[in-house]
Amino acid sequence: MAHELRQQLKPAFAIIGRPNVGKSTLFNRITRTRDALVADVPGVTRDVKLGVGRVGRAAYLVVDTGGIAEERGELAELVTRQALQALDECAAGVFVVDAREGLTATDQELARSLRRSGKPLYLAVNKSEGMNADMLRAEYASLGLGEPLPVSGAHGVGIDELIATVTKGWPRTEDLEQDDTAGGIRVAIVGRPNVGKSTLVNRMLGEERMITADLPGTTHDSVSVPLERHGRQYTLIDTAGIRRRSRVTDVVEKFSAVKTLQAIDAAQVVIVVLDARDSLTEQDLTVLGGVLEVGRSMVVAVNKWDGMTGEAREELKRQIDRRLEFVDFAETRYISALHGTGVGELFAALDEAHRSAYIDVQTSDLTELLYRAVETHNPPLVNGRRIKLRYAHMGGKNPPTIIIHGNQTDSVPETYRRYLSSFYRRALKLTGTPVRIEFRQNENPFKGRKNPLTARQVKKRQRLRAHIKKNS
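Here is what the cut-offs are and how they apply
- Residues numbered from 1 in each chain as written.
- Predicted model: local features only at pLDDT ≥ 70, side-chain atom pairs only at ≥ 80, totals over all residues.
- Heavy atoms only, no water.
- Helix = DSSP H or I, 4+ residues; strand = E, 2+ residues; numbered from the N terminus.
- Buried < 20%, exposed > 50% of the residue type's maximum accessible area, 1.4 Å probe, protein only.
- Contact = heavy atoms within 4.5 Å.
- Pairing = 2+ DSSP bridges.
- Right-handed = clockwise from strand over helix to strand, strands pointing away.
- Salt bridge = Lys/Arg side-chain N within 4 Å of Asp/Glu carboxyl O.

Engineer: Break down the overall build of the protein chain for me, citing the residues and quoting the values.
Structural biologist: Within the protein chain, the secondary structure is distributed over 14 helices and 17 strands. By residue count, 51% of the 472 residues in the protein chain fall in the buried class. Contacts spanning at least 24 positions in sequence make up 72% of the contacts within the protein chain whose residues lie at least 6 apart.

Quick look at the structure:
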């Protein structure tokens, strides 16, 4: 079963480079995100950013090794350590340099360290608009990383070529498509080290299948275990614990954020385990943001709930309501994996989240709900003209994706997209899953015509033709 899981996982590549060369801009361009999905949540910091690649035909994940620019000390050493940790978990690395600043000593030192990794490496020369390719080739030949690939993360130039080169020979999305009924519901169990993930798996299985100990990092890799309950099949995936990279000091406790994201991506429902006694940490929010990035349905399990005072429980509930607003679709269950309290309720929440993630709705019903949503709250005006949303249809499952067609859809603000997502989720009674909204711009049927007919002229012609036909 573990071998089967590995075959389903998407490969990943790391974006590496010194600060301010444009790694995050390149990451956002490849993942088609403007920022990390939890960036607007107060108190969230990320040592790395993990995302799903959305450029090209291959199926892959992307790691941005940013976030180190604010560190102090020996810059080259810090950059090298973080880059090598990320590269070690990936299938390849993209080394980014700044064409405007030119080759630096830090670039050269980092390139030497990266070559020793033995991983495939590709050189992306960012901010190279208008520069001579031969000059770039000559300047960066000393790095020993092959042919420079000119790109512009800010303007999207050269991104398709970069991805095609890096992912050549990698499986395509359709190659990794899985039979959603094989092995039952795939459930990934994720969280920081020592929050009780393996204990929860054992409790759900009813036997001591996983190795557990009261030490962070006991589980070193993702392991999948089959389970049957009340005639329904499940596959439980216990992942290595997520912890802040700054706390990784030895091989035993090192976690793999990439493998965790791969397991999340392979799952259908994710249980995010929190430790009630540690309160809600920034790392918990980062884990939740990773699940949201992939778009999986989820259940939040607050573990070690037993033994807490009533006052402490109420304070934790208030904190969860306040700080987990960005995943308000997720069901929260308060459990004790050690003693089994509340664990049975998790299965009901998992089943409901899975049902919601794979819902199928007719186009007519989605369009009717769209009209109701617009009637309740109209889209804003753009340059004095109202955005018009015409019809909606299903565009995918897990997460449910609704595609809305209309005019000026590229001007729909993010706040209205979130409103529509919440409206559909409530109207369809979906629990535990996000709803993605995508917009499509209607083609203008009169585009290219010198003198397009007005609606009044069209009706006049129709009446004339009807009159001629009636009297002919």
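And the narrative resumes.
Engineer: Describe the environment of proline 380, and please don't skip the residues or the numbers.
Structural biologist: When you line up the elements, proline 380 lands in the loop between α12 (363–376) and β13 (381–382). Classification of proline 380 as partly exposed rests on a relative accessible area of 33%. Taking the C-alpha atoms as reference points, proline 380 and tyrosine 416, 36 residues apart in sequence, are found 8.5 Å from one another. Here proline 380 is in contact with Arg385, Arg386, Ile387, Pro413 and Tyr416, once residues within four sequence places are set aside.

Engineer: Can you lay out the pairing of strand β10 (residues 269–275) for me, pointing to particular residues and giving the numbers?
Structural biologist: Walk down a regular strand and you will see the side chains alternate between the two sheet faces. Extensive coverage of β10 is indicated by the burial of 7 of its 7 residues. Note: strand β7 (residues 185–190) against β10, 4 bridges, orientation parallel. Bridge pairing links valine 190 to valine 272 in β10. Sheet analysis places β10 next to strand β11 (residues 297–303), joined by 7 bridges and oriented parallel. If you follow isoleucine 271 over to β11, its bridge partner there is valine 299. In the classification by handedness, the crossover that spans β10, the intervening helix α9 (residues 282–294) and the parallel β11 is right-handed.

Engineer: Lay out unusual backbone geometry with the relevant residues and their values.
Structural biologist: For the bond running from asparagine 398 to proline 399, omega is 10 degrees, close enough to zero to count as cis. Inspection of the secondary structure puts proline 399 in the loop between β15 (388–396) and β16 (401–407). One non-glycine residue with positive phi stands out, namely lysine 127, at about 60 degrees. Within the secondary structure layout, lysine 127 lies in the loop between β5 (121–126) and α5 (133–140). A residue is classified by how much of its surface remains accessible, and lysine 127, at 22% relative accessible area, is partly exposed. Positive phi, close to 60 degrees, is recorded for glutamine 408, a residue that is not glycine. With respect to the element layout, glutamine 408 can be found in the loop between β16 and α13 (414–427). Overall, the relative accessible area of 13% leaves glutamine 408 in the buried class.

Engineer: Mind laying out the environment of threonine 173, listing which residues take part and the relevant values?
Structural biologist: The residue threonine 173 is located in the loop between α6 (159–166) and β7 in this model. Separated by 113 residues in sequence, threonine 173 and tyrosine 60 place their C-alpha atoms 8.3 Å apart. Threonine 173 has contacts with Arg57, Ala58 and Ala59, leaving out every residue within four places of it along the chain.

Engineer: Account for the pairing of β15, with residues named and values stated.
Structural biologist: As paired strands, β15 and β16 are joined by 7 bridges and run antiparallel to one another. Each residue of the ladder has a partner; that of alanine 392, found in β16, is isoleucine 404. Remark: 4 residues form the turn of the hairpin made by β15 and β16, two consecutive strands paired antiparallel; asparagine 398 in that turn has positive phi of roughly 50 degrees.

Engineer: Describe the pattern of salt bridges, with residues and values.
Structural biologist: One pass over the full model with this rule turns up 18 salt bridges. The shortest N-O distance in the salt bridge between arginine 18 and aspartate 107 comes to 2.9 Å. Of the two residues, arginine 18 is situated in the loop between β1 (12–16) and α2 (23–31) and aspartate 107 in helix α4 (residues 105–115); the sequence distance between them amounts to 89 residues. Both residues of the pair, arginine 18 and aspartate 107, count as buried. With a shortest N-O distance of 3.8 Å, aspartate 278 and arginine 192 are connected by a salt bridge. In this pair, aspartate 278 is assigned in the loop between β10 and α9 and arginine 192 in the loop between β7 and α7 (197–205), connecting sequence segments 86 residues apart. By relative accessible area, arginine 192 is classed as buried at 11%. Here the residues in one salt-bridge network are Lys10, Asp265 and Arg296, joined through shared partners.

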